[in-house]
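Inside the fold
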Amino acid sequence: MFMWRRPPRPSRQAKLVRYESPPTKGKPATQRKIEAGFCMQRIYLDNNATTPILPEVFEAMRPYFGEHFGNASSIHHHGQETRAAVEDAREAVARLLGCNASEIIFTSGGTESDNLAISGLVDAGDHVITSSIEHHAVLHVCKHLEDFGCEVTILPVDGRGLIGPADLRRALKPNTKLISIMMANNETGVLQAVDEIGKIAAEAEVYFHTDAVQAAAKVVIDVKRIGCHALTISGHKLHAPQGVGALYVKKGTKLRPMLYGGRHERSRRAGTENVPGIVALGKAAQIAKQGLDRGDEKKMSALRDRLQQGILAQFEDASVNGEGAARVPNTANIRFEHIEGESLVIALDLKGLAVSTGAACSSGAIEPSHVLIAMGLRSDQAKASIRFSLGKQTTGADIDIALALVQETVARLRDLSPTYRRATVSS
Ligand SMILES: Cc1ncc(COP(=O)(O)O)c(C=O)c1O
């Protein structure tokens, strides 16, 4: 039987008012902790690894986790709503790259787009040309293709990190089907002459794919001017979330899918779309396009140059990897002779500055970066290299603090370095 009960009284606890001491009242908790000396301000200069999601991007994607939950393939209201959002995002990405929306395939990120482009454009017996400084998402898929009867040529680069057009021409063979050369390198930011590579590919009538993960949103991209058949981008490198990306595929290009299932993405990439991620990528692409139209990359390169020149002025034996080549505006890869890069990254992190090294940890050992080694650096020089990469959130104040932290930390590590002491005593 139903019995009416009195609702519980509001708890007395709820009436307690939180006490804030007057000088800190109204300030965010982290700010209060920094001022009280309990925690440090963190500066993030590792935007080539990943970027923070912009607030506008987060706001754009938020409803697609909740009220707009439909499957974009459903024909009812909920599906139509998310389908429209996916197609708007496709238009925005197409505007960023200078192509038609129908030429954009959404993927799970840069790795998938690279794999899809490369494995989808070649068959057993075909020859592929790539370069020694590509991301592993390209190099490892090319290695894998060799197991399936493809031939692969890996072009060298010069000391600036550039491939030579003459080397590329010489590498062409009657069975060459694809050239895959990145637009901007993730470690040095060096930009390849993609327009020229596109012309060589067109003359030879071979496909051209470019990995533009580190170029998109940093420099203007026009796929028609480049003359490429496929181009890769990744959401989390341009202030959208991790786990979403896109591949441009020129109209009429025959691409074999990598995933089979439903007819999503015009049967080129099966799988229910990641609607929140795609919406976020569309918003980030729109913001990036507006920024490029305003010339924001000049502001970014001014900040990067301030950091770079500040470091070079502080240390005589510091140098820029990739100097002399055109670079994306946000990246400076700097070599500090007689410094163990890993130690510098850890010491800077302890002081609140996030950067990364020209080395990777593989099977427990620190391996020098394949990119810097390909550019002719010795192993110790590659391991002494640090990548600083700026993002849209980076401010002039961040650069000033970073400069001060680098100065004191490098000087301290050099005092402890036996090779530095030997070098300074003998000079
Ligand atoms: C040049 C380049 N290509 C591809 C990738 C892979 O992209 P994702 O992390 O989206 O798989 C990265 C990521 O660092 C990259 O820098």
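Residues numbered from 1 in each chain as written. Predicted model: local features only at pLDDT ≥ 70, side-chain atom pairs only at ≥ 80, totals over all residues. Heavy atoms only, no water.

Quick notes on helix H5 (residues 136-147)
This is how the line gets drawn: In DSSP terms, a helix is any run of H or I states spanning at least four residues, a strand is any run of E spanning at least two, and both are numbered starting from the N terminus. To estimate the expected span of a helix, subtract one from its residue number and multiply by 1.5 Å. Throughout, exposure labels follow a simple rule: accessible area from a 1.4 Å probe, protein chains only, divided by the maximum for the residue type, with under 20% read as buried, over 50% as exposed, and the rest as partly exposed. It only takes one pair of heavy atoms within 4.5 Å for two residues to be counted as in contact.
Over its twelve residues, H5 runs 17 Å from end to end, which matches the ideal 16 Å to within 8%, given 1.5 Å per residue. Among all positions of H5, only Ala 137, Val 138, Leu 139, Val 141, Cys 142 and Leu 145 are buried. Buried residues in H5 make contact with helix H4 (110-121), strand S3 (127-131), strand S4 (151-155), strand S5 (176-180), strand S6 (207-211) and helix H13 (370-374).

With respect to the sheet that holds strand S2 (residues 104-107)
Two pairing modes exist for strands in a sheet, parallel and antiparallel, and in both the strands are linked by backbone hydrogen bonds. Convention followed: Only strands joined by at least two bridges in the DSSP assignment are considered to pair. Every axis corresponds to a line fitted to the C-alpha atoms, with the helix fit spanning only the stretch in contact, and the corresponding angles, defined between N-to-C directions, vary from 0 to 180 degrees.
Spatially, seven strands are ordered S2-S8-S7-S6-S5-S3-S4 in an open sheet, and the strand pairing comes out mixed. Whereas interior strands pair on both sides, the edge strands pair on one side only; in this sheet they are S2 and S4. Geometrically, the sheet is characterised by an average inter-axis angle of 20° between neighbouring strands, direction not taken into account. As paired elements, S5 and S6 share three bridges and run parallel to each other. Looking at S6, one finds that Ile 179 is bridged to Phe 208. Relative to the sheet, helix H3 (residues 77-97) contacts S2, strand S7 (230-234) and strand S8 (245-249), its axis offset from that of S2 by approximately 115°. Along the sheet face, H5 touches S3, S4, S5 and S6 and points at about 155° away from the line of S3.

Some details on the side chain of Thr 82
The condition that has to hold: Whenever two N or O atoms come within 3.5 Å, that pair is a polar contact, provided that in protein one can donate a hydrogen and the other can accept it, and provided that, for residues adjacent in sequence, both atoms are side-chain atoms.
Of note, Thr 82 is situated in helix H3. The exposure class assigned to Thr 82 is buried, which follows from its relative accessible area of 0%. A polar atom in the side chain of Thr 82 sits 3.1 Å from the backbone oxygen of Gly 70. Once residues within four sequence positions are removed from consideration, Thr 82 is found in contact with Tyr 64, His 68, Phe 69, Gly 70, Asn 71, Ala 72 and Val 275.

Description of the environment of His 68
Here His 68 shows up in the loop between helix H2 (55-61) and H3. Expressed as a C-alpha distance, the spacing of His 68 and Gly 79, which sit eleven residues apart in the sequence, is 8.7 Å. Ignoring any residue separated from it by four or fewer positions in sequence, one finds His 68 in contact with Pro 63, Glu 81 and Thr 82. Here Glu 81 takes part through its side chain, which lies 3.0 Å from a polar atom of the side chain of His 68.

With respect to the nonpolar core
Counted only if it meets this: Here, nonpolar core refers to any group of buried Ala, Val, Leu, Ile, Met, Phe, Trp, Tyr and Cys residues whose side-chain atoms link them within 4.5 Å.
Within the largest apolar cluster, 66 residues are counted, with the highest numbers of intra-cluster contacts made by Leu 97, Ile 221 and Leu 231. Ranked by residue count, the leading element in this core is helix H10 (residues 275-294), at ten residues. Setting aside residues no more than four positions away along its own chain, Ile 221 makes contact with Leu 96, Leu 97, Gly 98, Met 183, Ala 212, Ala 215, Ala 216, Ile 226 and Leu 231. Listed in part, the 28 residues of the second largest apolar core include Met 300, Leu 353, Ile 386 and Val 406.

Overview of the confidence of the model for the protein
Short version of the rule: A residue's pLDDT is the predictor's confidence in that residue, given on a scale from 0 to 100.
Summarising the model, the protein shows a mean pLDDT of 91, and 87% of its residues fall at 70 or more. The low-confidence segment residues 10-24 (pLDDT under 50) makes four contacts with residues lying over four places distant or belonging to another chain.

A few points about the packing of aromatic side chains
To be explicit about the condition: Stacked, edge-to-face and tilted are the three classes for Phe, Tyr and Trp ring pairs, Trp counted by its six-membered ring, which pair at centre distances within 6.5 Å; planes under 30 degrees apart are stacked, over 60 edge-to-face, the rest tilted.
Following the criterion strictly, the structure yields one aromatic pair and no others. The interplanar angle of 80° and the centroid separation of 6.0 Å between the aromatic rings of Phe 315 and Phe 336 together place this pair among those described as edge-to-face. Of this pair, Phe 315 sits in the loop between helix H11 (296-314) and strand S9 (318-320) while Phe 336 sits in strand S10 (residues 331-336), and the two are 21 residues apart along the sequence. Each member of the pair, Phe 315 as well as Phe 336, carries the same accessibility label: buried.

A closer look at the pattern of salt bridges
To be explicit about the condition: One side-chain nitrogen of Lys or Arg within 4 Å of one carboxyl oxygen of Asp or Glu is enough to make a salt bridge.
Enumeration according to the criterion identifies 26 salt bridges in this entry. Close ionic contact of Arg 387 with Asp 46 constitutes a salt bridge, the shortest N to O distance being 3.0 Å. Residue Arg 387 is located in strand S15 (residues 385-389), and its partner Asp 46 is located in the loop between strand S1 (43-44) and H2; the two are separated by 341 residues in the primary sequence. One exposure class covers both Arg 387 and Asp 46, and it is buried. For Arg 414, the salt bridge goes to Asp 317, with nearest N and O atoms at 3.0 Å. Taken as a pair, Arg 414 in helix H15 (residues 396-416) and Asp 317 in the loop between H11 and S9 lie far apart in primary sequence, 97 residues in all.

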